[in-house]
Amino acid sequence: MSELDLQIPSAYDPFAESNAEDSGAGSKDYVHIRIQQRNGRKSLTTVQGLKKEYSYNKILKDLKKEFCCNGTVVQDTELGQVIQLQGDQRKNVSTFLTQAGIVKKDHIKIHGF
Amino acid sequence: MVALPLNLGITEEPTFTGLKKKKKKQVHTDLLDIESHNAEEDINDPIGEDEKPWEGTDRDYKYEELLSRVFNTLRESNPELAGEKRKTILKIPEVLREGTKKTVFVNLVDICKMMHRQPEHVMTFLLAELGTSGSLDGQQRLVVKGRFAPKSFEGILRRYMNEYVICNSCKGGDTRIEKDKENRLIFLKCDKCGSERSVAPIKAGFVARVGRRKAET
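Residues numbered from 1 in each chain as written. Chains lettered and ligands numbered in written order. Predicted model: local features only at pLDDT ≥ 70, side-chain atom pairs only at ≥ 80, totals over all residues. Heavy atoms only, no water.

### Brief notes about the overall build of chain A
Worth spelling out the cut-off: Under the scheme used here, helices are H or I runs from DSSP no shorter than 4 residues and strands are E runs no shorter than 2 residues, and both carry numbers assigned from the N terminus. Classification of residues uses two cut-offs on accessible area relative to the type maximum, computed with a 1.4 Å probe and protein chains only: under 20% is buried, over 50% is exposed, and between them is partly exposed. The contact criterion used is simple: two residues touch if any of their non-hydrogen atoms lie within 4.5 Å. Per-residue and other accessible areas follow the Shrake-Rupley method at a 1.4 Å probe size, with only the shown protein chains counted as cover for residues.
Each helix and strand counted, chain A has four helices and five strands in total. Among the 113 residues that make up chain A, the fraction classed as buried is 35%. Within chain A, counting contacts between residues at least 6 apart in sequence, those at least 24 apart form 52% of the total. Of the roughly 7,600 Å² of accessible surface on chain A, a fraction of 49% belongs to carbon and sulfur atoms.

This is the structure in C-alpha cells:
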C-alpha cells in the first residue's frame, strides 16, 4: 500500500526548463550568410534565415547605410525572404547582426570562400 | 497506511563527495602533515596545482571540471591514449585555371580517398559552399565556375572535415557515413571508437541569380 504513494508523479514539470530555453529567438534555425561570385572581383552576399517577424526592409536599409553598399530583399518560394548585398559583407553582416541583437552569434553560419 | 516522507523532485546529494572535499581542504592548509593522506588521492591530483575553479568554496565538482581533470591526468601519464591527434595527412588541393572563368580542382578524388569519402558528397558540399555550379569532367577533376584560390578550397575542405569526417569524441578520421533507413537521417559512425553522431544533409541554400538573364517567356 505504501508503494502506491511513491509512484505518484510530483508536480515538477521536467519540460519547463527546456521550454524556457527554447522559446528564445529561433533555436534550431540558423542564419546563413553566403557569398557568390559575379564578374571580375565583384561578389554578392546573401543573408538567409532571419526570423519572419523582423522588418526586412528596415534591416536592409540599415545594412546599406552601414556598409555603403547596395542591396535588395528577394522573395524566394521556399526559403522566404533573403537579403542580398553587393560586395563581400559576410563579416560585416555578422558583427552587425550580433551587435544589434537580432541574432545570437551561435545561430550564424558563414559559408563560402 | 503509513504516510512516508516523499523526497520527489529533489536531487539527492551524492554522499561521497563530502569526504573527498575535506581531504582536499586539508591539503591546502597543512601541507606538511597530510602527505600520507595524499597517497590515495595522488592518482586524481595533478602534479601542478594551478588555481582550480573549485578552490576555496565548498561546492560540488561540476561535470566539466571532473572531465578536464581526467583528461589532464590522462594526457600526462599516457599521452597516446588521449587520442588528440588530428588527421595530419591533408594533401594540398591543386587548382588550375581553365580559361578565365573556370577553376579546376585536380586533386579531388585523391583527397576524397584520404578521407574515405565519396567524391560526390564532397563535391556537393564544395558547390554548396562556393555558391556556384560545377561538375566532374572525364578525368574525375572538378571544374568549378568562377575564380577561386587554393586557400579557399583548403578552408572549405577543412570545414568539411570538421563537420563530416572527424569524430567528435576521438578526433579520428576513420569514419563512414551511414543512412538510417527508417528515419532518413544521416549518421557519422567512427570506426575507431564506435561513436555515432547525426549530421545534417547538405543543403544548397539560396543562390542568387547572377549573370545574364535571358528573356523569360
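So much for the structure itself; the text now carries on.
### Here's the deal with the overall build of chain B
Of the regular secondary structure elements, chain B holds six helices and seven strands. In sequence order, chain B lays out its α and β elements as α-α-α-β-β-α-α-β-β-α-β-β-β. Counting contacts in chain B only where the partners sit at least 6 residues apart, residues at least 24 apart contribute 51% of the total. With the model as given, the accessible surface of chain B reaches about 15,300 Å², and the carbon-plus-sulfur share is 55%.

### Focus on the sheet that holds strand S4 (residues 80–86) of chain A
Residue and element names in this part refer to chain A. This is how the line gets drawn: When DSSP locates at least two bridges between a pair of strands, those strands are taken to pair. Axis definition: a line fitted to C-alpha atoms, over the contacting stretch in the case of helices. Angles run 0 to 180 degrees between N-to-C directions.
Reading across from one edge, S3-S4-S2-S1-S5 is the order of the five strands in this open sheet, with mixed pairing throughout. The two strands at the open ends of the sheet, each matched to only one other strand, are strand S3 (71–76) and strand S5 (108–110). Within the sheet, the average angular offset between the axes of one strand and its neighbour, ignoring direction, is 25°. As judged from the six bridges shared by S3 and S4, these two strands associate in the antiparallel manner. In the sheet register, Gly71 faces S4, and the bridge partner there is Leu85. Strands strand S1 (31–37), strand S2 (43–48), S4 and S5 of the sheet are contacted by helix H4 (residues 90–100), whose axis makes an angle of about 160° with S1.

### Regarding the sheet that holds strand S7 (residues 196–199) of chain B
All names here are of chain B. With antiparallel pairing, three strands are arranged side by side in an open sheet as S5-S6-S7. In this open sheet, the two edge strands, each paired with only one partner strand, are strand S5 (175–180) and S7. This sheet shows a mean twist of 35° between the axes of neighbouring strands, independent of strand direction. Pairing of S5 with strand S6 (residues 185–190), which is carried by six bridges, proceeds in the antiparallel orientation. Residue pairing in the sheet places Lys179 in a bridge with Ile186 of S6. Lying on the sheet, helix H6 (residues 150–165) is in contact with S5, S6 and S7; it crosses S7 at an angle near 125°.

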